[in-house]
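Breakdown of the fold
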Amino acid sequence: MTVAEDLRTRVDSIRRRVAQAAARAGRSTDEISLVAISKTYPTEFLRNAIDAGVTDLGENRVQEAEPKVLEVGRMAVRWHLVGHLQENKARRAINLFDLIHSLDSVSLAQRLNRLCVSEGREQLPVLVQINLGGEETKTGIAPDGLSTLLDAFATCPRLRLDGLMTLPPYFQDPEGGRPYFKRLRELRDRLKTEGRFDDRSGALSMGMSNDFEVAIEEGATIIRVGTAIFGQRG
Ligand SMILES: *Cc1c(COP(=O)(O)O)cnc(C)c1O
């Protein structure tokens, strides 16, 4: 099999597994989007993924993403930033990405909002990354800092809060992530009752190659799948 055929087979297989997990949970596949995480893979792989029907690509570093976005095309797919965003990369991030999964501080929110004004970006969709793993996961905002961050959206009209993201500690056993996925969903549901999300928002970005089916069972609306699509990272 060529690399391209191999990739198509893997994407098809992921889609089948997504459909099966959704069916088990009584959910529609329409509410689940697949983001292919292409960090460390060469641009050719990204093109193959697009040929295989992938519509969303995710990268975790602005520096690595920039040349890839330019080569593949800013409008060729929806581009997602899934890694931590340093404030000094915020301007570039605004011009490269459709959705930022890793908003984790008030100062980053304010900076992104200011830069949207100066860069002429009307609206920047973002997810707030929540650290549910305490010591074990270093990125994201702790749940007790969340309401302060959400309050800051009132002064950041260019940011559109689409939902929440989490990256649990790694477990060999896919079931290991389930309590974290469940907690993120419960947090989202609570924010919904508080009126922080409307009917359109409240996305849950959770689940990776090892555990996306469990995440779907717990309500994931965006799954981030790298190695199961592209193969082991070198
Ligand atoms: C790398 C990465 C993924 C994908 O991980 P795989 O195990 O390769 O599927 C998902 N989310 C984030 C934030 C990542 O950095």
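Residues numbered from 1 in each chain as written. Predicted model: local features only at pLDDT ≥ 70, side-chain atom pairs only at ≥ 80, totals over all residues. Heavy atoms only, no water.

**Considerations on the overall build of the chain**
Of regular secondary structure, the chain possesses 9 helices and 8 strands. In terms of overall dimensions, the chain is globule-like: its C-alpha atoms have a radius of gyration of 17 Å, near the 17 Å expected for 234 residues. C-alpha extents for the chain along the principal axes are approximately 55 × 40 × 35 Å. Counting all 234 residues of the chain, 52% fall into the buried class. Considering only intrachain contacts with a sequence separation of at least 6, the fraction spanning at least 24 residues in the chain is 60%. Working note: accessible area of the chain is about 10800 Å², and carbon and sulfur atoms make up 48% of it. Charged side chains of the chain number 33 positive and 33 negative; the gap between the two group centres comes to 2 Å. (Helix = DSSP H or I, 4+ residues; strand = E, 2+ residues; numbered from the N terminus. Rg over C-alpha atoms; globule rule 2.2 N^0.38 Å. Buried < 20%, exposed > 50% of the residue type's maximum accessible area, 1.4 Å probe, protein only. Contact = heavy atoms within 4.5 Å. Areas by Shrake-Rupley, 256 points an atom, 1.4 Å probe, with all protein chains shown as cover. Lys, Arg positive; Asp, Glu negative; His and termini not counted. Charge placed at Lys NZ, Arg CZ, Asp CG, Glu CD.)

**Topic: the site of the ligand**
Around the ligand lies a shell formed by Ile-37, Lys-39, Val-82, Met-165, Met-208, Ser-209, Arg-224, Val-225, Gly-226, Thr-227 and Arg-233. One nitrogen or oxygen atom from the side chain of Ser-209 is found 2.5 Å from an oxygen atom belonging to the ligand. A distance of 2.8 Å is found between a nitrogen atom of the ligand and a side-chain nitrogen or oxygen belonging to Arg-224. With the chains in place, 90% of the 390 Å² that the ligand exposes on its own is no longer accessible. The class makeup of the residues in the shell around the ligand is 5 nonpolar, 3 polar and 3 charged. (Near = heavy atom within 4 Å. Polar contact = N/O pair within 3.5 Å; in protein donor to acceptor, adjacent residues only side chain to side chain. Nonpolar A, V, L, I, M, F, W, Y, C, P; charged D, E, K, R; others polar.)

**Brief notes about the packing of helix 1 (residues 3–24) against helix 2 (residues 43–51)**
Two elements in contact, helix 1 and helix 2, have axes whose closest approach is 9 Å; the angle formed by their N-to-C orientations is 50°. Relative to helix 2, the element helix 1 is oriented oblique. Crossing of helix 1 against helix 2: the hand is right-handed. Between helix 1 and helix 2, the residues in contact are Val-3, Ala-4, Leu-7 and Arg-8 and Phe-45, Asn-48, Ala-49 and Asp-51, respectively. For the contact of helix 1 with helix 2, a count of residues per class yields 5 nonpolar, 1 polar and 2 charged. (Axes fitted to C-alpha atoms, helices over the stretch in contact; angles between N-to-C directions. Parallel < 35°, antiparallel > 145°, perpendicular 65-115°, else oblique. Left-handed = near helix turned anticlockwise from the far one by under 90°.)

**Let's talk about the side chain of Lys-89**
Turning to its location among the elements, Lys-89 is positioned in the loop between strand 3 (78–81) and helix 4 (90–96). Here Lys-89 sits buried without a salt bridge, and the closest side chain of opposite charge, Glu-66, lies 9.2 Å off (N-O distance). Residues within four places of Lys-89 in sequence aside, it is in contact with Val-62 and Gln-63. (Salt bridge = Lys/Arg side-chain N within 4 Å of Asp/Glu carboxyl O.)

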